[in-house]
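These are the residues of each chain, in order.
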Amino acid sequence: MAVKHLIAAALGAALVSACTESGDTAAASSHRAGEKSPAASITLPPQQRDSAWFAQAQRDLGAASEVVIDNRPGAAKNIILFVGDGMGISTVTAARILAGQQQGMSGEEYQLSFEKMPFAGLIKTYNTNQQTPDSAGTATAIMSGVKTKAGVLNVAEDVPRGDCLASRQRPLVTVLELAESRGKSTGVVSTARLTHATPASTYAKVPERGWESDDALPADAKENGCVDIAAQMVALEAGNGIDVAMGGGRRHFLPVSVTDLEGQPGRRQDGRNLVQEWQQRYRAGGASAVYIEDQAGFEGVDIAATDKLLGLFESSHMRYEEDRGNDVAGEPSLSAMTATALKLLEKNSDGYFLLVESGRIDHGHHAGSAYSALTDAVEFARAVQVAMDGTSAEDTLIIVTADHSHVLTIAGYPTRGNPILGKVVTNDSHGEPEPAPATAKDGMPFTTLSYATGRGFADLGDETDADVRYELPAAAGRHDLSEIDTTAPGFHQEALVPLAGETHAGEDVGIWARGPGAHLLGGTNEQSYIFHVMARSGALLPH
Ligand SMILES: [Zn+2]
C-alpha cells in the first residue's frame with residue numbers, strides 16, 4: 001500500500017525532538033558560558049514572519065508534506081516520458097522567465113508545469129566515448145538502461161559506430177518493447193522526424209543514427225542484413241508494435257517516386273511505401289489503422305474507431321512552434337498531439353508507455369536562436385501540463401528530462417523583470433533600474449542570453465524559422481546591437497567561438513517526476529538509471 005509521506009513523518013519527529021530538547025534546556029535553567037541560548041528566546045521579526053516569501057514557503061512545505069511516496073514495484077500502470085531535447089538547466093530557467101513574462105509577470109517567479117512536480121534530481125549525460133554527448137547515445141541510455149557510444153541506437157557500448165555486423169550481434173531491448181511485451185499500449189510523439197535519434201531510440205537498433213532510410217545505408221551494411229530505421233519502425237515485432245506514432249519524417253517512409261501533399265519527394269530507393277505497408281500489416285489483422293498527414297486529418301481522428309494511428313506531418317522535422325502557422329498543409333502542436341495520444345492509449349486497461357519529445361528545442365539552439373528554443377520549450381511545458389491534467393499520480397508515472405544541455409548562458413546583472421531576450425539593463429547604486437542598457441568594455445550593449453559556440457549574431461527580423469540562419473555565414477564575436485530588437489523572433493544571439501552550428505553542453509540536466517516511483521529519481525544519477533526506474537515502477541523487466 002502507498003506509504004504516507006515518509007519525509008513528513010521524519011520531519012515531524014525531528015520537530016518534536018527539537019521542542020523536547022529546548023524544553024529540557026529551559027527546565028535546566030541556569031545558562032552557563034559555552035552553552036546554547038534557549039531557542040524559545042528567539043522570535044522572528046514581522047518583516048520576516050509576515051513576508052510573502054515566508055508565507056509561500058510555508059504553503060509549499062505543507063503541499064510537499066502531503067505528497068504520497070508509492071514504493072511498490074509495478075504501481076505505475078502508465079508511464080509517460082517527456083524529453084526536451086537539449087533542454088539544459090539554463091534553457092529551463094530562461095523558458096520559465098519567458099513564459100511568465102508572456103503572461104504579464106516579472107517572470108523569474110513563474111513555474112513551468114513540470115517544476116510543480118514533487119520530485120527532481122540531476123542526470124549525468126556523457127556517452128561512453130564522449131564527455132559531451134550526442135542524442136543517440138543519451139537516448140539509448142534512457143530507453144535501454146545501458147550507456148553506449150555517441151551516434152549509435154540500442155546496441156552495446158563495444159559496438160563500433162557504423163559496424164553493421166557487430167550491431168546485429170549486440171542489440172539492446174527497449175522500455176517500449178518491454179511495455180509491449182506486458183500487453184501495454186505504446187506511443188511515440190515528437191516534433192522531430194520519427195526516425196531521428198530520440199524517437200528512434202524507442203524501437204530501432206542501429207550502429208549509425210543517420211541510417212534513417214535505406215538510401216543512407218552503405219552497401220556493406222545492406223549486404224550484412226542491416227535494416228534502416230523507418231523500416232524497423234513499421235516492422236517492430238514486440239507485442240503488436242507501436243500503437244500511436246506522430247511526428248515528422250515522411251520522406252523516410254516514402255519511395256523517391258512519390259511526392260507528398262506538401263510537394264516533397266520520398267527518399268527510399270528500395271521502392272517501398274512504408275505507410276502502405278504499415279496499414280496493410282494491421283488491417284490484415286482486422287485492426288483499424290489510420291494514417292494522417294495534416295491538421296485536418298489530425299482533427300478528424302475518431303478515437304473510438306482507431307486502433308493504430310500513424311501521423312507524419314512533415315517531410316523532415318515538424319515546424320518550430322512559432323513557425324507552425326507557416327506550414328503548407330497545417331500541423332498540430334506538441335500539446336495537441338500529446339492529448340490525442342493519451343486518449344488513444346488510455347483505451348487499454350493494462351496501461352501504456354508514451355514518449356513525448358520536443359525535438360526542436362535542440363534545433364533552435366543549434367541555429368543560435370534562443371527565441372525558437374525557448375518558445376518550443378514553453379510549448380513542451382504545455383504538453384506536460386496536458387499529461388498532468390489528464391492522468392492520476394496514483395497510477396501514472398510522469399518523468400520530464402532532457403537528453404543533454406546546450407551552451408546557452410544567462411549572464412550580466414539584468415534588473416528584475418528585464419525581458420529575458422533583451423539587452424542587459426542593470427540596477428544603479430540604489431538598486432533601481434538604470435534608464436538605458438548597460439555597455440560592455442567595448443562600448444556596446446549586450447544581451448542576457450548568449451552562446452559559447454555557434455554561427456553567432458544575425459538579425460533576421462520577424463523570421464520565425466530559425467534554420468534560415470544556416471544560409472548566412474558564421475559571424476562570431478561582438479556586434480553593435482544598439483539599434484537592434486533582440487527580442488524579435490529572427491534575432492540570433494552572439495557566440496564566442498565560430499562553429500558550423502552551436503553545440504551541446506556537457507553539464508548535468510534536470511529530471512522532474514510525479515507518480516509511483518518518482519521519488520527514486522532524486523539525487524545525481526547516471527542517465528541509464530532512468531530506464532531502471534521506469535522498469536521497476538512499471539514491473540516491466542522479465543522475471
Ligand atoms: Zn543536438
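These figures come from a predicted structure and were not determined experimentally.

Criteria and thresholds
- For every chain, the first residue of the written sequence is number 1, and numbering continues from 1 along that sequence.
- Only residues with pLDDT of 70 or above have their local features reported here, since the model is predicted, and side-chain atom pairs are shown and tallied only from 80 upward, although totals for entire chains, interfaces and linings are computed over all residues.
- The side-chain figures draw on all heavy atoms in the structure; neither hydrogens nor water molecules are used.
- For two strands to be treated as a pair, DSSP must find no fewer than two bridges joining them.
- By definition, any uninterrupted DSSP run of H or I lasting at least four residues is a helix, any uninterrupted run of E lasting at least two residues is a strand, and each is numbered from the N terminus.
- Fitting a line to C-alpha atoms yields each axis, with helices limited to the stretch in contact; the angle taken between N-to-C directions then spans 0 to 180 degrees.
- Pairs of residues are marked as contacts when any of their non-hydrogen atoms sit within 4.5 Å.
- Relative accessibility under 20% of the residue-type maximum defines a buried residue, over 50% an exposed one, and the middle range a partly exposed one, all with a 1.4 Å probe and only protein chains included.
- Throughout, the edges of the domains are those of an automatic or database domain assignment.
- Summed over both partners, buried area is the accessible surface (1.4 Å probe) that two parts give up on being assembled.
- One side-chain nitrogen of Lys or Arg within 4 Å of one carboxyl oxygen of Asp or Glu is enough to make a salt bridge.
- In the analysis that follows, any N or O atom pair within 3.5 Å is treated as a polar contact, provided that within protein one partner can donate a hydrogen and the other can accept it, and provided that, for residues neighboring in sequence, both atoms belong to side chains.
- Residue polarity is assigned by list, with Asp, Glu, Lys and Arg as charged and Ala, Val, Leu, Ile, Met, Phe, Trp, Tyr, Cys and Pro as nonpolar; anything else, Gly included, falls into the polar class.
- Here a donor is an N, O or S atom found within 2.8 Å of the metal, or within 3.2 Å if the metal is Na, K or Ca; sites may look incomplete because water is not among the atoms.
- Key to geometry: four donors with every angle between 85 and 135 degrees are tetrahedral; four donors are square planar and six octahedral where opposite donors lie over 155 degrees apart and all remaining angles lie between 65 and 115; all other sites are irregular.
- Oblique is the label for every angle not falling under 35 degrees (roughly parallel), over 145 degrees (roughly antiparallel), or within 65 to 115 degrees (roughly perpendicular).
- Working definition: a disulfide is two cysteine sulfur atoms within 2.5 Å of each other.
- Only buried residues count toward a nonpolar core, which is a set of Ala, Val, Leu, Ile, Met, Phe, Trp, Tyr and Cys residues joined through side-chain atoms within 4.5 Å.
- When two rings of Phe, Tyr or Trp (its six-membered ring) have centres within 6.5 Å they constitute a pair, described as stacked for plane angles under 30 degrees, edge-to-face for angles over 60, and tilted for the intermediate range.
- When the NZ atom of lysine or the CZ atom of arginine is within 6 Å of a ring's centre and also within 35 degrees of its normal, the charge is said to sit over that ring.
- The predictor rates its confidence in each residue with pLDDT, a number between 0 and 100.
- Should the near helix be turned anticlockwise from the far one by less than a right angle, the crossing is termed left-handed; should it be turned clockwise, right-handed.

**What about the sheet that holds strand E13 (residues 449–454)?**
Now for step 1: Taken in spatial order, the three strands of this open sheet run E12-E13-E16, and their pairing is mixed. This sheet does not close on itself; its edge strands, each paired only once, are strand E12 (408–410) and strand E16 (495–498). The sheet shows a mean angle of 20° between the axes of neighbouring strands, taken without regard to direction.
Now for step 2: Contacting E12 and E13, helix H4 (residues 89–102) runs over the sheet at an angle of about 55° to E12.

**Looking at the environment of Thr132**
Now for step 1: Of note, Thr132 is situated in the loop between strand E4 (119–124) and helix H5 (135–144).
Now for step 2: Since its relative accessible area comes to 30%, Thr132 is described here as partly exposed.
Now for step 3: Placed 63 residues apart in sequence, Thr132 and Ile69 show a C-alpha to C-alpha distance of 34 Å.
Now for step 4: With near-sequence residues (within four places) excluded, Thr132 lies in contact with His504, Ala505 and Gly506.

**Observations concerning the domain arrangement of the protein**
Now for step 1: Split into domains, the protein comes out as domain 1 (78–407 + 505–537) and domain 2 (408–502).
Now for step 2: Each of domain 1 and domain 2 has a C-alpha centre, and these two points are 31 Å apart.
Now for step 3: Contact residues are listed per partner, giving 27 residues for domain 1 and 29 residues for domain 2.
Now for step 4: Both faces considered, domain 1 and domain 2 share a buried interface measuring about 2200 Å² in area, 53% of it formed by carbon and sulfur atoms.
Now for step 5: On the domain 1 side of the interface with domain 2, the three residues burying the most area are Ala367, Tyr371 and Val407, jointly 28% of the side's total.
Now for step 6: Where domain 1 meets domain 2, there are three salt bridges.
Now for step 7: A salt bridge links Arg360 to Asp467; the shortest N-O distance between them is 2.9 Å.
Now for step 8: The tally of links from domain 1 across to domain 2 stands at 25 residue pairs in polar contact (both at pLDDT 80 or more).
Now for step 9: Elements that contribute at least two residues to the side of domain 1 that touches domain 2 include exactly H4, helix H14 (360–366) and helix H15 (370–390).
Now for step 10: The dominant element in the side of domain 1 that touches domain 2, judged by the number of residues it contributes, is H4, at seven residues.
Now for step 11: Of the residues in the side of domain 1 that touches domain 2, the class split is nine nonpolar, 13 polar and five charged.

**Observations regarding the sheet that holds strand E8 (residues 308–312)**
Now for step 1: Read from one edge of the open sheet, 10 strands run E7-E8-E6-E5-E9-E3-E10-E18-E4-E19, paired in mixed fashion. What marks the edges here is a single partner per strand, and that holds for strand E7 (289–292) and strand E19 (523–526). Adjacent strand axes in the sheet meet at a mean angle of 15° when their direction is disregarded.
Now for step 2: Relative to strand E9 (residues 352–358), strand E5 (residues 185–193) runs parallel, the two being bridged by six bridges. Counterpart to Ser190 in the pairing with E9 is Glu357.

**A word on the coordination of the zinc ion**
Now for step 1: At the metal site, the zinc ion is ligated by Asp362 (OD), Asp362 (OD), His366 (NE2) and His504 (NE2), and these contacts range over 2.1 to 2.4 Å.
Now for step 2: Geometry at the zinc ion is irregular, judged from the four donor atoms that bind it and their angles of 57 to 152° at the metal.

**Some words on the packing of H4 against H15**
Now for step 1: Taken N-terminus to C-terminus, the directions of H4 and H15 make an angle of 75°; their axes are 9 Å apart at the nearest point. Judged by the angle between their axes, H4 and H15 are roughly perpendicular. Contact residues: H4 offers Thr91, Ala94, Ala95, Leu98, Ala99 and Gln102, while H15 offers Leu374, Thr375, Ala377 and Val378.
Now for step 2: Classifying every residue of the contact of H4 with H15 gives seven nonpolar, three polar and no charged.

**Some details on the state of the cysteines**
Now for step 1: Under the criterion given, the structure shown has one disulfide.
Now for step 2: Covalent S-S linkage joins Cys164 and Cys226, the inter-sulfur distance amounting to 2.2 Å. Looking along the S-S bond of the Cys164-Cys226 disulfide, the torsion reads about 115°, which is the right-handed sense. Within this pair, whereas Cys164 is found in helix H6 (residues 164–169), its partner Cys226 is found in the loop between helix H9 (219–223) and helix H10 (229–234), the two being separated by 62 residues in sequence. For the pair Cys164 and Cys226, one class covers both residues: buried.

**What to know about the nonpolar core**
Now for step 1: Counting 116 residues, the largest nonpolar core has Phe82, Phe114, Phe353 and Val400 as the members making the most contacts within it.
Now for step 2: Tallying contributions element by element places H15 first for this core, with 12 residues.
Now for step 3: Here this core spans two domains, since at least three of its residues come from each of domain 1 (78–407 + 505–537) and domain 2 (408–502).
Now for step 4: The contacts of Phe114, once residues within four sequence positions are left out, are Met87, Val92, Phe380, Ala381, Val384, Met388, Val400 and Trp512.

**Points about the packing of aromatic side chains**
Now for step 1: Using the criterion set out here, one finds six aromatic pairs in the structure.
Now for step 2: Three or more aromatic residues joined by ring pairs form one cluster here, namely Phe82, Phe114, Phe380 and Trp512.
Now for step 3: Here Lys147 stacks its cationic end above the ring of Tyr126, 3.5 Å away from the centre of that ring.
Now for step 4: Over the ring of Tyr320 we find Arg360; its NZ or CZ atom is 3.9 Å from the centre of that ring.

**A few points about the confidence of the model for the protein**
Now for step 1: The pLDDT averaged across the protein works out to 93; a share of 93% of its residues lies at or above 70.
Now for step 2: Confidence over residues 1–30 falls short of pLDDT 50; this stretch has 14 contacts with residues more than four positions distant or in other chains.

**Focus on the packing of helix H13 (residues 334–345) against H15**
Now for step 1: At a minimum axis distance of 8 Å, the contact between H13 and H15 shows a crossing angle of 20°. The orientation of H13 relative to H15 falls into the category roughly parallel. Along this stretch, H13 crosses H15, giving a crossing that reads as right-handed. Of the residues in H15, those touching H13 at Leu334, Ser335, Thr338, Ala339 and Leu342 are Glu379, Phe380, Arg382, Ala383, Val386 and Ala387.
Now for step 2: Class assignment for the residues of the contact of H13 with H15 results in seven nonpolar, two polar and two charged.

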